[in-house]
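# Results of the structural survey
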Amino acid sequence: MSSLKPFSKLPALNTANILLVESEEQLQQSLAAALVEEASVTVNVRLAKSLPLPVENEESRPRIDLVVFIINLTSELSFQSAEASLKYLDPGYFLGKVCFMVTNARSASVPTERLDGVRKLAASLHCPLLFAEDQTSDGVTNATERLLTMLKVAAGLVPMATALYLSHLTRCTVPPDIDQPSFD
């Protein structure tokens, strides 16, 4: 098992490659289907439950332009799996080629500590944190549009924009009072 490196392979012309990492595969399949339908560029979607990726097909694996960790807030295992997978990414990915996507944030059964933990994780790695609604087709469509925008920039398909610049504009920040008890 090896770490994933962002610049170890040459990019393909008019092609963007995205890796969706989700331990439970709820949103992963519908996002993959919607991303592949993009007409302006060729989008290759790779799916994984966790990292590291197997070494067997490393030579034929394309360069991954964007890694998306999908975290279901109703599952502690989902958060732990994403957190454990981070160590298999090369530090170069954290220069605008990683983002976190959270689902079920509106659920009443989600502990606020878990959402705070995801926000702290994204903020500490200077990565964007996206919220997605996976129960409706409109929610999946909106999530797909946001990911496509980030993917095109990360793949270098948008002139005068870089993944690092976009990441700086969209990164997650943690308010200074997040560790304070809430009085809700």
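Above this text you will find the structure in question.
Below or above, wherever it landed, is the structure these notes cover.

Reading the values: rules and limits
Residues numbered from 1 in each chain as written. Predicted model: local features only at pLDDT ≥ 70, side-chain atom pairs only at ≥ 80, totals over all residues. Heavy atoms only, no water. Helix = DSSP H or I, 4+ residues; strand = E, 2+ residues; numbered from the N terminus. Buried < 20%, exposed > 50% of the residue type's maximum accessible area, 1.4 Å probe, protein only. Contact = heavy atoms within 4.5 Å. Areas by Shrake-Rupley, 256 points an atom, 1.4 Å probe, with all protein chains shown as cover. 1 Å grid on protein atoms, 1.4 Å probe; cavity = no way out; pocket = protein on both sides within 12 Å on 5 of 7 lines; lining within 4 Å. Points joined across faces, edges and corners; volume = space filled by probe spheres on them. Nonpolar A, V, L, I, M, F, W, Y, C, P; charged D, E, K, R; others polar. Pairing = 2+ DSSP bridges. Right-handed = clockwise from strand over helix to strand, strands pointing away. Disulfide = S-S within 2.5 Å. Core = buried A, V, L, I, M, F, W, Y, C linked by side-chain atoms within 4.5 Å. Expected span 1.5 Å × (residues − 1).

Quick look at the overall build of the protein now. Scanning the protein from N- to C-terminus turns up five helices and five strands. Put simply, the protein runs from its N terminus to its C terminus through helices and strands in the order β-α-β-β-α-β-α-β-α-α. Projected onto its principal axes, the C-alpha positions of the protein cover 55 × 35 × 35 Å. In the protein, which comprises 184 residues, the proportion classed as buried is 46%. Restricting to contacts in the protein with at least 6 residues of sequence separation, those with at least 24 account for 80%. Accessible surface, the protein: about 9,800 Å² in total, of which carbon and sulfur atoms supply 55%.

Glancing now at the layout of surface pockets. Size it by volume and the second largest pocket reaches roughly 220 Å³. Forming the boundary of the second largest pocket are 17 residues, of which Leu-4, Lys-5, Ser-8, Glu-58 and Arg-61 lie nearest the centre. Within the lining of the second largest pocket, the residues separate by chemical class into nine nonpolar, three polar and five charged.

With that settled, consider the pairing of strand β2 (residues 42-48). Judged from the seven bridges that link them, strand β1 (residues 15-21) and β2 form a sheet pairing that is parallel. Residue pairing in the sheet places Leu-19 in a bridge with Arg-46 of β2. Crossover connection from β1 via helix α1 (residues 28-36) to parallel β2: handedness right-handed.

For the rest of this paragraph, the subject is the environment of Thr-112. One can find Thr-112 in helix α3 (residues 112-124). Take Thr-112: its relative accessible area is 54%, and that puts it in the exposed class. Sequence-wise, Thr-112 and Gly-139 are 27 residues apart; in three dimensions their C-alpha atoms are separated by 22 Å.

Our focus in this paragraph is the state of the cysteines. Counted by the stated rule, this structure contains zero disulfides. Its sulfur unpaired, Cys-99 is 8.0 Å from the next cysteine sulfur, which belongs to Cys-127.

Before going further, it helps to spend a moment on the pairing of strand β3 (residues 66-72). Where burial is concerned, most of β3 is hidden: seven out of the seven residues are buried. Inspection of the sheet shows β1 paired to β3 by four bridges, in the parallel sense. From the neighbouring strand, Leu-20 faces β3, where its bridge partner is Val-68. As judged from the six bridges shared by β3 and strand β4 (residues 98-103), these two strands associate in the parallel manner. Of the residues in β4, the one forming a bridge with Val-68 is Cys-99.

Looking now at the nonpolar core. Counting residues in hydrophobic clusters, the biggest one holds 28 residues, and the most contacted among them are Ile-18, Leu-20, Val-68, Met-101 and Leu-147. Elements with a minimum of two residues in this core: β1, α1, β2, β3, β4, β5 (129-132), α4 (137-154) and α5 (163-170). With eight residues, α4 is the largest single contributor of residues to this core. Residues within four places of Leu-20 in sequence aside, it is in contact with Gln-28, Leu-31, Ala-32, Leu-35, Val-45, Arg-46, Leu-47, Ala-48, Val-68, Ile-70 and Leu-147. Counting residues in each nonpolar core, the second largest holds 27 residues, with Leu-19, Leu-51, Leu-73 and Val-118 among its members.

With that out of the way, let us pick up α4. Look at α4: 25 Å from first C-alpha to last across 18 residues, which is about the 26 Å you get at 1.5 Å a residue. What α4 keeps buried is the set Gly-139, Val-140, Ala-143, Thr-144, Leu-147, Leu-148, Met-150, Leu-151, Val-153 and Ala-154. Looking at the residues trailing α4, positive phi occurs at Gly-156, about 80°.

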